[in-house]
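Read off the chains here:
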Amino acid sequence: MKKTLTFLLALLLAYLPIRGLGDERPNALDELDMSAMVSGFVEVPGRGQMRYYAQNDPVWASMIYRFPDQSNQPRFSGAGCVPSALANAFANLVAPERLTAILDYSYRNEGFSICSCSMNRKGCYQKHSRFRMETAADVENFLCLVIGSYMSGNNPEGTFINGNLSKIWELSRIFGLTCTQVRQDFAAAAKAVSQGDMAVMLVGGDDCPFTQKGHALALCGVGEDSYYFLDSFRREEYELDRLHIVEVLEPGLVAVKKDKLFRLGAYEIYILSRREPENAAM
């Protein structure tokens, strides 16, 4: 009996590193089709090339965005608008080297890693090698997943945040930015963005062309009569846009006329800045 138990234990130990622990290896990215990536850069009028992340990027669209012990396990394509909008803002304000600051804020120092099925170790099916974020390039390339992992429990408190921007304050501090909430004040957001800042907002409602259930956007530019948004759900046309609110400049980048902004149904707007806010609303 003792020999049998010893044999079974040895077999288990030999098996776990391959199938059970989701071991981290440099070649873990081989399991992802990086050639299919559509995230990268877009050309924003008045600001030039800006970093862009699509929540429905084929590389990570099907990744689990929650823990496996939760009954609902949405994929990043359908539920990742908030971390993607935050990534679209942070990446255009923070140098890649400073983005690595988030690596010091994982749950129990487990780090940030991805595999072909999940952006969070706890959401993995435990059958894949994992790619661990270590360099500035790693974090920059997969920033929306790193923030998604942070929001889905891989943070110092181990708390999960679903569909809201409550983590924007601590993430801003991690990245050395100031965050100002301006409620629904598009004028304040436009002024800040025209000075080089970014704004992140939640929108939704019956007339909203993005989704009626709620969506997150990053305001990245302001023209004479239009506002420019990074829409993390990359698409070439908007089926819900029955009022012709959105003009697609290129997939991921849209323009909205100033007189149609109210149709977006923005109900939370936050300004992210490298400067000290004039009137911070903490």
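Attention here is on the structure that accompanies the text. (Residues numbered from 1 in each chain as written. Predicted model: local features only at pLDDT ≥ 70, side-chain atom pairs only at ≥ 80, totals over all residues. Heavy atoms only, no water.)

1. Considering helix α6 (residues 143-151)
Alright, step 1. Burial of α6 is extensive: 9 of the 9 residues sit out of reach of the surface.
Alright, step 2. Within α6, burial applies to L143, C144, L145, V146, I147, G148, S149, Y150 and M151.
Alright, step 3. Downstream of α6 by a residue or two, G153 has a phi angle that is positive, lying close to 115 degrees. (Buried < 20%, exposed > 50% of the residue type's maximum accessible area, 1.4 Å probe, protein only. Helix = DSSP H or I, 4+ residues; strand = E, 2+ residues; numbered from the N terminus.)

2. Comments concerning the pattern of salt bridges
Alright, step 1. One pass over the full model with this rule turns up 7 salt bridges.
Alright, step 2. Its salt-bridge partner being R51, residue E140 comes within 3.8 Å of it at the nearest N-O pair. Here R51 lies in strand β2 (residues 48-52) and E140 lies in helix α5 (residues 136-141), a separation of 89 residues in the sequence.
Alright, step 3. Residue R51 is classed as buried on the basis of its relative accessible area, which comes to 9%.
Alright, step 4. Among the charged side chains, a network of salt bridges with common partners joins E157, K167 and E170. (Salt bridge = Lys/Arg side-chain N within 4 Å of Asp/Glu carboxyl O.)

3. Looking at the sheet that holds strand β10 (residues 253-257)
Alright, step 1. Pairing is antiparallel in the open sheet, where 7 strands are placed in the order β5-β11-β6-β7-β8-β10-β9. In this open sheet, the two edge strands, each paired with only one partner strand, are β5 (178-181) and β9 (246-250). Neighbouring strand axes in the sheet, compared pairwise and without regard to direction, differ in orientation by 30 degrees on average.
Alright, step 2. Summarising the sheet, strand β8 (residues 226-231) and β10 pair through 5 bridges and their orientation is antiparallel. Its bridge partner being in β10, S226 is matched across the sheet by K257.
Alright, step 3. Here helix α3 (residues 81-90) sits on the sheet and contacts β6 (198-203), β7 (215-222), β8 and β11 (268-273); the angle it forms with β7, its principal contact strand, is near 20 degrees.
Alright, step 4. In the packing of helix α8 (residues 186-194) onto the sheet, the strands contacted are β6, β7, β8 and β11, and the crossing angle to β7 comes to about 55 degrees. (Pairing = 2+ DSSP bridges. Axes fitted to C-alpha atoms, helices over the stretch in contact; angles between N-to-C directions. Contact = heavy atoms within 4.5 Å.)

4. With respect to the environment of R98
Alright, step 1. Considering the arrangement of structural elements, one finds R98 in helix α4 (residues 96-99).
Alright, step 2. Relative accessible area serves as the criterion here: at 39%, R98 is assigned to the partly exposed category.
Alright, step 3. Spatially, the C-alpha atom of R98 lies 7.9 Å from that of A136, the residues being 38 residues apart in sequence.
Alright, step 4. With near-sequence residues (within four places) excluded, R98 lies in contact with R173, I174, F175 and G176.

5. Considerations on the packing of aromatic side chains
Alright, step 1. One pass over the structure, following the stated rule, counts 8 aromatic pairs.
Alright, step 2. Plain terms: the ring middles of Y65 and F76 are 5.6 Å apart, the flat faces sit at 80 degrees to each other, and that makes the pair edge-to-face. On the criterion of sequence distance, the pair formed by Y65 in the loop between β2 and α2 (76-79) and F76 in helix α2 is long-range, its members being 11 residues apart.
Alright, step 3. Taking 6.4 Å as the distance between ring centres and 65 degrees as the angle between the ring planes, the aromatic pair formed by Y65 and F160 counts as edge-to-face. Of the two residues, Y65 sits in the loop between β2 and α2 while F160 sits in the loop between α6 and α7 (168-174), which places them 95 residues apart along the sequence.
Alright, step 4. Residue F160 is classed as partly exposed on the basis of its relative accessible area, which comes to 24%.
Alright, step 5. Ring-pair connections join several aromatic residues into one group, and the members of that group are W60, F131 and F142. (Phe/Tyr/Trp six-rings, centres within 6.5 Å; stacked < 30°, edge-to-face > 60°.)

6. Notes on the pairing of β9
Alright, step 1. Across 4 bridges, β9 lies against β10 in antiparallel orientation. Looking across to β10, one finds that V248 is bridged to V254.
Alright, step 2. In this structure, the hairpin formed by β9 and β10 is closed by a connection of 2 residues, where G252 is found at a positive phi of approximately 100 degrees.

7. Describing unusual backbone geometry
Alright, step 1. A positive phi is found at N109, a non-glycine position, where the angle reads about 55 degrees.
Alright, step 2. Counting through the fold element by element, N109 comes out in the loop between α4 and β3 (113-114).
Alright, step 3. We classify N109 as exposed; its relative accessible area is 65%.
Alright, step 4. Positive phi outside glycine occurs at R183, with the angle close to 60 degrees.

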